[in-house]
Amino acid sequence: MQITNFSPLILTKNAKEIIDLFEALGFESCHKKTNIGDADITSVVMRYMGKDDKDFHVAVIQCPVERDSVSIRMNVRDIDEVYRMLGDKGFVNPDGSKITNTGTSKAAMMVSPSGFSISLSEHIKN
């Protein structure tokens with residue numbers, strides 16, 4: 001398994017408020033994807049350049065949720081491999097077995113038996 005990114009992800013129905021907060025903390029939007037899936041989801045990845053050129057990321061996902069929650073964003077080289085491995089560890093996909101394919105990436109949320117979640121993503125290379 002190869003992980004290419006590992007960072008926090010915030011799920012919210014009011015992304016602007018959270019993006020404004022992180023901008024005030026010094027983060028900048030570096031990637032935005034809109035109209036993801038069937039629920040009009042928008043993803044904004046933000047980056048903060050820290051000391052010694054170490055950068056930090058947080059993703060803010062606007063989606064229809066009852067209340068804000070935090071997940072782990074994990075980009076991987078092979079989503080199918082990691083999806084199976086997490087499934088073997090008892091994780092479940094709250095959308096059944098659906099893996100969203102946007103043409104440039106594939107993604108799925110996986111929830112652990114204890115309740116924390118990992119948002120898997122694989123960027124499709126052309």
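A few points on the structure. Fair warning: this is a prediction, and the values are worked out from it, not measured in the lab.

## Thoughts on the packing of aromatic side chains
Each pair of aromatic rings is reported with the distance of its centres and the angle of its planes. The full count for this structure, using the stated rule, is four aromatic pairs. Pairing Phe22 with Phe27 gives two aromatic rings, centres 5.2 Å apart and planes at 85 degrees, and the pair type is edge-to-face. Each of the two residues, Phe22 as well as Phe27, counts as buried. Ring geometry for Phe91 and Phe116: centres 5.5 Å apart, planes at 85 degrees, overall edge-to-face.

## A few points about the pairing of strand 2 (residues 28–36)
Note that strand 2 and strand 3 (residues 41–49) share six bridges and pair antiparallel. Within strand 3, the residue paired with Glu28 across the bridge is Arg47.

## Concerning helix 2 (residues 79–88)
Where helix 2 is concerned, the buried positions are Ile79, Val82, Tyr83 and Leu86. Along the long axis of helix 2, the arc covered by the buried residues comes to 105 degrees, so they all point the same way. Counted as exposed and oriented over 90 degrees from the buried face of helix 2: Arg84 and Asp88. Of the surrounding secondary structure, the elements contacted by the buried residues of helix 2 are strand 5 (69–76), strand 7 (105–111) and strand 8 (117–123). Regarding helix 2, its N-cap is Asp78, as a side-chain oxygen of that residue lies 3.2 Å from the backbone nitrogen of Asp80 further along. Gly90 lies just past helix 2 and shows a positive phi near 95 degrees.

## A closer look at the sheet that holds strand 2
With mixed pairing, the eight strands of this open sheet are ordered in space as 2-3-4-1-5-8-7-6. Two strands bound the open sheet, and with one partner strand each, they are strand 2 and strand 6 (100–101). Here strand 7 pairs with strand 8 via seven bridges, running antiparallel. The residue of strand 8 that forms the bridge with Met110 is Ile118. Along the sheet, helix 1 (residues 15–24) contacts strand 1 (3–12), strand 2, strand 3 and strand 4 (55–62); its crossing angle with strand 4, the most-contacted strand, is approximately 165 degrees. Here helix 2 sits on the sheet in contact with strand 5, strand 7 and strand 8, set at roughly 10 degrees to strand 7.

Each value, and the rule that gives it
Residues numbered from 1 in each chain as written. Predicted model: local features only at pLDDT ≥ 70, side-chain atom pairs only at ≥ 80, totals over all residues. Heavy atoms only, no water. Phe/Tyr/Trp six-rings, centres within 6.5 Å; stacked < 30°, edge-to-face > 60°. Buried < 20%, exposed > 50% of the residue type's maximum accessible area, 1.4 Å probe, protein only. Pairing = 2+ DSSP bridges. Helix = DSSP H or I, 4+ residues; strand = E, 2+ residues; numbered from the N terminus. Arc of directions from axis to C-beta. Contact = heavy atoms within 4.5 Å. Polar contact = N/O pair within 3.5 Å; in protein donor to acceptor, adjacent residues only side chain to side chain. Axes fitted to C-alpha atoms, helices over the stretch in contact; angles between N-to-C directions.

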